[in-house]
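Structural characterization, general
Take a look at the letters that make up each chain.
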Amino acid sequence: MQPADYEHLTPAQAIAYQHELRKQIQIKPLETPINTIAGADISYNKYEETVYAGIVLFSYPDLKIVGNANAISRTSFPYISGLLAFREVPALLEAWEKLEIKPDVLVLDGQGIAHERRLGIATHFGLIMNVPTIGSAKSRLTGKYEEPDNEPLAQSAMYDKGELIGIALRSKRNCNPIYISPGHNISMQQSVDIIKHCIRGYRIPEPTRQAHLLVNQVRLANSAKPGNQYDLFT
DNA sequence: GCGACAG
DNA sequence: ATCTTGTCGC
């Protein structure tokens, strides 16, 4: 199955594919040193099929931006809870290929294994590209947990069907927690440690935060440009 | 059947 | 996800 073909899948076929991919998930310590990390995100205008994907590369652990890439693509696969990867991975892959230097770890905006079939977008991307990934989501998809204390970096484990699938992290006081889970080829502990290191005064960790800012700029710069099929004042 | 439901 | 000003709280 190729990402370019995702848009032809029915939801039932997409779920069947997730059951296949699930057999290959590897949640284990990343043994090689981490010298770079990157954040990836998608932006788009509601009701439009154009999607703006972007990735921002940072040095690690100092977290200096050292590169970025973006891609303007299209998708007809709708947003369906649990099937986010089929909508966003194809475009992210285009941006990934344009990235001059590949990061040692990639942080995606969404779940890793904290997913009903353990196939959040971070796990999906990591699996098909064979790259260590971490999922950092702004809201919960599945899993039970106790609310973490209202204290910076307070955390609480998330469980699903008796399995530890992620942790709810209070990245900033008085803010809702973010949900961290390993994607692929990395451990739960490393995922949490790395994300904590990437919290720099904001609720969202730097890699994902910067990627979000990038894709929004790309979208605003392009969706307002003459020549676009949507700027015609009909 | 009912409620939940990443972005 | 995106649309949007003010506004409440630290």
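Residues numbered from 1 in each chain as written. Chains lettered and ligands numbered in written order. Predicted model: local features only at pLDDT ≥ 70, side-chain atom pairs only at ≥ 80, totals over all residues. Heavy atoms only, no water.

Under the local residue numbering, the UniProt record ascribes the feature "binding site: Mg(2+)" (unreviewed entry) to D41 and D109. The greatest C-alpha distance among the annotated residues, which extend across 69 residues, is 5.9 Å, indicating that they converge on a single site. Within the fold, D41 resides in strand β1 (residues 36–44). Overall, D41 belongs to the buried group, its relative accessible area being 5%. When neighbours within four sequence positions are excluded, D109 is seen to be in contact with A40, D41, L84, I121, S136, K138 and T208. Side-chain polar atoms of D109 contact the side chain of K138, separated by 3.0 Å. (UniProt positions renumbered as here; feature names shortened; annotations may be inferred. Helix = DSSP H or I, 4+ residues; strand = E, 2+ residues; numbered from the N terminus. Buried < 20%, exposed > 50% of the residue type's maximum accessible area, 1.4 Å probe, protein only. Contact = heavy atoms within 4.5 Å. Polar contact = N/O pair within 3.5 Å; in protein donor to acceptor, adjacent residues only side chain to side chain.)

Okay, the protein's contact with DNA strand C next. Surrounding DNA strand C, one finds S43, Y44, K46, D109, K138, N174, H212, N216 and R219. Of all DNA strand C atoms lying within 4 Å of any protein atom, the proportion belonging to sugar or phosphate reaches 86%. At a separation of 2.6 Å, a phosphate oxygen of DNA strand C approaches a polar side-chain atom of K138. Contact distances for DNA strand C include 3.0 Å between a phosphate oxygen and a side-chain N or O atom of N216. Elements supplying a minimum of two residues to the surface near DNA strand C: β1 and α5 (206–223). Examining the composition of the surface near DNA strand C, we find that three residues originate from one element, α5, more than from any other. The residue inventory of the surface near DNA strand C, partitioned by class, reads one nonpolar, four polar and four charged. (Near = heavy atom within 4 Å. Nonpolar A, V, L, I, M, F, W, Y, C, P; charged D, E, K, R; others polar.)

Of all seven residues in strand β8 (residues 178–184), seven are buried; the element is thus mostly enclosed. Note: strand β5 (residues 133–137) against β8, five bridges, orientation antiparallel. From the neighbouring strand, T133 faces β8, where its bridge partner is H184. Here three bridges tie strand β7 (residues 163–170) to β8, and the two strands are oriented antiparallel to one another. Residue pairing across strands places A168 opposite Y179, the latter belonging to β8. (Pairing = 2+ DSSP bridges.)

Before going further, it helps to spend a moment on the sheet that holds strand β2 (residues 50–59). The strand order β3-β2-β1-β4-β5-β8-β7-β6 describes an open sheet built from eight strands, whose pairing is mixed. Only two strands of the sheet have a single partner each, and these edge strands are β3 (65–74) and β6 (154–160). If you compare each strand with its neighbour and ignore which way they point, the axes differ by 25° on average. Docked against the sheet, α5 engages β1, β2, β3, β4 (105–109) and β5, running at close to 140° with respect to β2. (Axes fitted to C-alpha atoms, helices over the stretch in contact; angles between N-to-C directions.)

On the secondary structure map, D160 appears in strand β6. When near neighbours in sequence (up to four residues on either side) are disregarded, D160 contacts H115, R118, T142, G143 and I165.

Counted at 1.5 Å a residue, the expected span for helix α2 (residues 84–98) with its 15 residues is 21 Å, and the 22 Å between its end C-alpha atoms agrees. Of all the bends in α2, the largest measures some 30° and sits at P90. Most of α2 is tucked away, with eleven of its 15 residues classed as buried. All of the buried residues in α2 are A85, F86, R87, E88, V89, P90, A91, L92, L93, A95 and W96. Tucked inside the fold, the buried residues of α2 contact α1 (11–22), β1, β2, β3, β4 and α3 (121–129). (Expected span 1.5 Å × (residues − 1). Bend = angle between axes of the 7 residues up to and from the residue.)

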